[in-house]
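# Survey of secondary and tertiary structure
Below are the chains, spelled out letter by letter.
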Amino acid sequence: MYDYIKGNLTKITAKYIVLEAGGLGYIINVANPYSFSEQINQAIQIYVHHVVREDAHLLYGFHTEDEKAVFLNLISVSGIGPTSALAIIAADDNEGLVKAIDHSDVKYLMKFPKIGKKTAQQMVLDLAGKFVDINEVSTDKSKASITNNNQELEEAVEALLALGYKANELKKIKKFFEGTTDTAENYIKSALKMLMK
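Predicted model, so just to flag it, every value in this text is computed and none were measured. (Residues numbered from 1 in each chain as written. Predicted model: local features only at pLDDT ≥ 70, side-chain atom pairs only at ≥ 80, totals over all residues. Heavy atoms only, no water.)

Moving on: the pairing of strand S3 (residues 24–30). One face of the sheet, then the other: side chains in a regular strand alternate in exactly this way. As paired strands, strand S2 (residues 16–21) and S3 are joined by six bridges and run antiparallel to one another. Across the sheet, Ala-21 pairs through a bridge with Leu-24, a residue of S3. In textbook terms, the turn of a hairpin is the stretch between consecutive antiparallel strands, and for S2 and S3 this stretch comprises two residues, one of which, Gly-22, has a positive phi near 60°. Where S3 and strand S5 (residues 57–62) come together, three bridges link them in parallel fashion. By the bridge assignment, Asn-29 is partnered in S5 with Tyr-60. (Pairing = 2+ DSSP bridges. Helix = DSSP H or I, 4+ residues; strand = E, 2+ residues; numbered from the N terminus.)

Here you go:
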């Protein structure tokens, strides 16, 4: 139904961003809301996918068309819903994902939240060879300004919880980053790399 929306980024939360276009504020679920931090109150373009459920109409947003294509491939797999697909995209490791699928690395795929053995095997069956045309998903997202307190780390943990990671997993991650300063986006990226090991 929609390919993209252009508008002003007015709000960032742990689960979604709000894009104002044509006098309406669209709630758009994204993999890493804080990757948009430097674009707050600016005009941006977001690629979107519209999901209609019995109880809701939801928008899922992406930085690039390639990121959207990965999402669409993932939700085509039985057992992977939009939330799980966002969690996989948030890891920002398209190369690792494609390699795992093409080499039937079920153990790697099971590291993503809510992906069990059966779903991981289904991913391999359904998606092997389908990512050939998709370029690297990671984009040159600019770094957000660093704050002096650890509000950025708190926001990162909140976003990871929203993606489905367990609180006890995130306690270790939070402890590891204590005393450091970085952007919420970078904390999320680093934490996801640690969680995927």
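Anyway, onward from the coordinates.
In terms of domain boundaries, the chain breaks down into domain 1 (4–62), domain 2 (65–136) and domain 3 (151–191). When each unit is reduced to the centre of its C-alpha atoms, the spacing between domain 1 and domain 3 is 22 Å. Facing six residues of domain 1, the contacting portion of domain 3 comprises nine residues. The three residues of domain 1 that bury the most area against domain 3 are Ala-14, Asn-32 and Tyr-34, which together make up 70% of that side's buried surface. Applying the counting criterion to the domain 1 and domain 3 interface returns zero salt bridges. For the pair domain 1 and domain 3, the interface holds zero residue pairs in polar contact (both at pLDDT 80 or more). Class assignment of the residues belonging to the side of domain 1 that touches domain 3 gives a composition of three nonpolar, two polar and one charged. (Domains from an automatic or database assignment. Contact = heavy atoms within 4.5 Å. Buried area = accessible area lost by both parts, 1.4 Å probe. Salt bridge = Lys/Arg side-chain N within 4 Å of Asp/Glu carboxyl O. Polar contact = N/O pair within 3.5 Å; in protein donor to acceptor, adjacent residues only side chain to side chain. Nonpolar A, V, L, I, M, F, W, Y, C, P; charged D, E, K, R; others polar.)

For the rest of this paragraph, the subject is the packing of aromatic side chains. A complete count under the given rule lists six aromatic pairs for this structure. Ring geometry for Tyr-4 against Tyr-47: centres 6.1 Å apart, planes inclined by 70°, an arrangement best described as edge-to-face. Here Tyr-47 lies in strand S4 (residues 43–52) and Tyr-4 lies in strand S1 (residues 4–12), a separation of 43 residues in the sequence. A residue is classified by how much of its surface remains accessible, and Tyr-4, at 41% relative accessible area, is partly exposed. Classification of Tyr-47 by relative accessible area gives buried; the value is 15%. A centroid spacing of 5.2 Å and a plane angle of 65° characterise the contact between Phe-177 and Tyr-187, whose relative ring orientation is edge-to-face. Separated by ten residues along the polypeptide, Phe-177 in helix H7 (residues 167–177) and Tyr-187 in helix H8 (residues 184–195) bring together distant segments of the chain. Here a set of aromatic residues connected by ring pairs shows up, and it is made of Tyr-60, Phe-62 and Phe-71. (Phe/Tyr/Trp six-rings, centres within 6.5 Å; stacked < 30°, edge-to-face > 60°. Buried < 20%, exposed > 50% of the residue type's maximum accessible area, 1.4 Å probe, protein only.)

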